[in-house]
Structure formats: structure tokens, C-alpha cells
Amino acid sequence: MPRTLDDERRRRFEVAVLPHLDAAYNLARWLTREDSDAEDVVQTACLRALRFFDGFHGGNARAWLLTIVRNTFYSSLSHHREEELTTPFDEEVHTAERAGGDPEAETLRHADALLLRQAIAALPLAFREVMVLREVEGMAYKEIAAIAGIPIGTVMSRLARARQQLQTWLIAHGAGGRR
């Protein structure tokens with residue numbers, strides 16, 4: 001049975017987009033700070049990506065999808081939740097339990113990971129966004145600039161300021177005095 005144009009389009013979409021859903025969710029999760037909100041952002045972004053897939057002419061599908069996720073988040077934020085820019089970090093929501101290994105080492109690793117997650121979550125949104133794209137997703141400065149719609153120099157500046165704020169926050173919250 002011959003493939004229809006819609007079948008072929010869907011297949012190309014799935015090949016281009018589906019491998020990057022984890023990165024999309026990860027970015028959305030860090031931006032929204034809520035699992036359910038991140039799921040909503042990714043779902044909406046995927047629907048938008050599918051709707052405008054004919055405008056994607058190859059290239060970096062991951063960066064293309066993350067741009068849509070970012071824009072979907074900001075669109076949602078401006079329409080529904082201005083307060084998200086100042087919502088405090090919720091330790092219970094952001095703590096992921098891990099099992100196994102040496103209990104003492106695991107406790108220290110968990111404390112370090114929790115402290116780092118809290119420090120990143122405490123960053124202003126613009127800094128948190130570039131930090132997650134660079135350090136968590138491993139995106140190049142040029143890709144981050146394209147995703148965020150800012151010059152590369154601004155990416156570098158925000159990263160430097162984010163790292164400085166992370167260091168200050170971690171020292172102030174006990175990471176510097178441990179071990």
C-alpha cells in the first residue's frame with residue numbers, strides 16, 4: 001500500500017522531533033518548575049511543531065524544538081502566570097530520590113545535587129534558561145543564541161553572571177564549607 005503524503009510528513013516529524021522530547025521536557029521543567037506545567041508546555045510545543053513542520057527545512061531539529069518549547073513557555077507565562085518570574089523554589093517538588101550505593105556517599109551526593117538544583121532554580125529566569133541550555137543540555141553558544149533570540153555576547157554574559165550567582169548562592173547556603 002503506498003504511503004500518503006500525511007504518513008510521510010508524520011514519519012519525518014517523528015524522526016526529527018521524537019528523539020528530542022527528553023530535552024524539551026527538561027527545558028520546560030526547569031523553566032516552569034512544575035511537572036504538570038512542563039508536560040503542558042511540551043505538549044503544546046509539539047502540537048505547534050507539528051503544525052509548522054513544513055517550515056522546518058532540516059538542520060538542528062533539537063534547537064528548533066527547544067526554541068518552540070521556550071516560546072511556548074513565554075507565551076503561556078505572559079498570558080497566564082506573570083507571578084512565575086518570582087515563584088519561590090519548592091524543595092519537595094524538585095527533589096528526586098535515588099536508591100542504592102554507599103549510604104554516606106549517597107547522602108552527600110543527594111545533598112550536593114539538591115543544593116545545586118536549588119541554586120539553579122533560584123537563578124533569575126533569563127540566567128536559568130541559558131544555564132540549563134548550556135550546562136544541562138550541552139547546547140553551543142550559537143544554538144542558545146538562536147533558541148533565545150539573543151546575541152552570542154548576551155549568552156556569554158548571562159552564563160558568566162549565572163555562574164557567579166550560582167557560586168555565591170552555593171557558598172551562602174553551605175556548599176563551600178562541606179567536606
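See above for the structure.
Only a predicted model underlies this, so the values are computations on that prediction, with no experimental measurement involved. (Residues numbered from 1 in each chain as written. Predicted model: local features only at pLDDT ≥ 70, side-chain atom pairs only at ≥ 80, totals over all residues. Heavy atoms only, no water.)

**Considerations on helix α3 (residues 35-51)**
Going by this rule: Strands are runs of DSSP state E lasting at least 2 residues, helices are runs of H or I lasting at least 4, and numbering of each runs from the N terminus. Helices are assigned an expected span. That span is 1.5 Å times one less than the residue count. Whether a residue is buried, partly exposed or exposed follows from its accessible area with a 1.4 Å probe, protein chains only, as a fraction of its type maximum: under 20%, in between, or over 50%, in that order.
Between its first and last C-alpha, α3 extends 24 Å over 17 residues, near the 24 Å set by a 1.5 Å rise per residue. Here α3 has its buried residues at D37, A38, V41, V42, A45, C46 and A49.

**Comments concerning the side chain of R70**
Formally: In this analysis, two residues are considered to be in contact whenever any of their non-hydrogen atoms come within 4.5 Å of each other.
Here R70 lies in helix α4 (residues 61-80). The exposure class assigned to R70 is buried, which follows from its relative accessible area of 12%. With residues up to four places along the chain from it excluded, the contact list for R70 reads L31, E129, I147 and A148.

**As for the nonpolar core**
Test applied: Definition of nonpolar core: a set of buried residues of the types Ala, Val, Leu, Ile, Met, Phe, Trp, Tyr and Cys, connected through side-chain atoms within 4.5 Å.
Ranked by internal contacts, the top residues of the largest apolar core, which has 47 residues, are L27, L66, V69, L133 and M139. Breaking this core down by element, the ones donating at least two residues are α1 (5-17), α2 (21-32), α3, α4, α6 (103-122), α7 (125-136), α8 (141-148) and α9 (152-172). Setting aside residues up to four positions removed in sequence, L27 forms contacts with L66, V69, V132 and L133.

**Examining the packing of α2 against α3**
A packed helix pair is summarised by two numbers, namely the angle formed by the two axes and the spacing between the axes. Under the convention used in this document: Whenever a helix is involved, its axis is fitted only over the stretch in contact; in every case the axis is a line through C-alpha atoms, and angles between N-to-C directions fall within 0 to 180 degrees. Put simply, angles under 35 degrees are roughly parallel, angles over 145 are roughly antiparallel, angles from 65 to 115 are roughly perpendicular, and the rest are oblique. By definition, any crossing whose near helix is turned counterclockwise from its far helix by less than a right angle is left-handed, and any crossing with a clockwise turn is right-handed. Nonpolar residues are Ala, Val, Leu, Ile, Met, Phe, Trp, Tyr, Cys and Pro. Charged residues are Asp, Glu, Lys and Arg, and all others, Gly as well, are polar.
As a packed pair, α2 and α3 sit with axes 8 Å apart at the nearest point and diverge in direction by 130 degrees. One finds that α2 runs oblique with respect to α3. Considering the relative orientation of α2 and α3, their crossing is right-handed. For the pair formed by α2 and α3, the contact residues are L21, A24, Y25, A28, R29 and T32 on the first element and D35, D37, A38, E39, V41, V42 and C46 on the second. Of the residues assigned to the contact of α2 with α3, the class counts are eight nonpolar, one polar and four charged.

**Examining the packing of aromatic side chains**
The following threshold applies: Each pair of aromatic rings taken from Phe, Tyr and Trp, with Trp reduced to its six-membered ring, is defined by centres within 6.5 Å and is described as stacked if the planes are under 30 degrees apart, edge-to-face if over 60, and tilted in the remaining cases.
Inspection of every chain in the model, using the stated rule, returns five aromatic pairs. Note on F13 and F53: the rings are 5.4 Å apart at their centroids and 90 degrees apart in plane angle, and the pair reads as edge-to-face. Residue F13 is located in helix α1, and its partner F53 is located in the loop between α3 and α4; the two are separated by 40 residues in the primary sequence. The same class applies to F13 and to F53, which are both buried. Members of the aromatic cluster, each reached through a chain of ring pairs, are F13, F53, F56 and W64.

The values are spatial; any link to function lies outside them.
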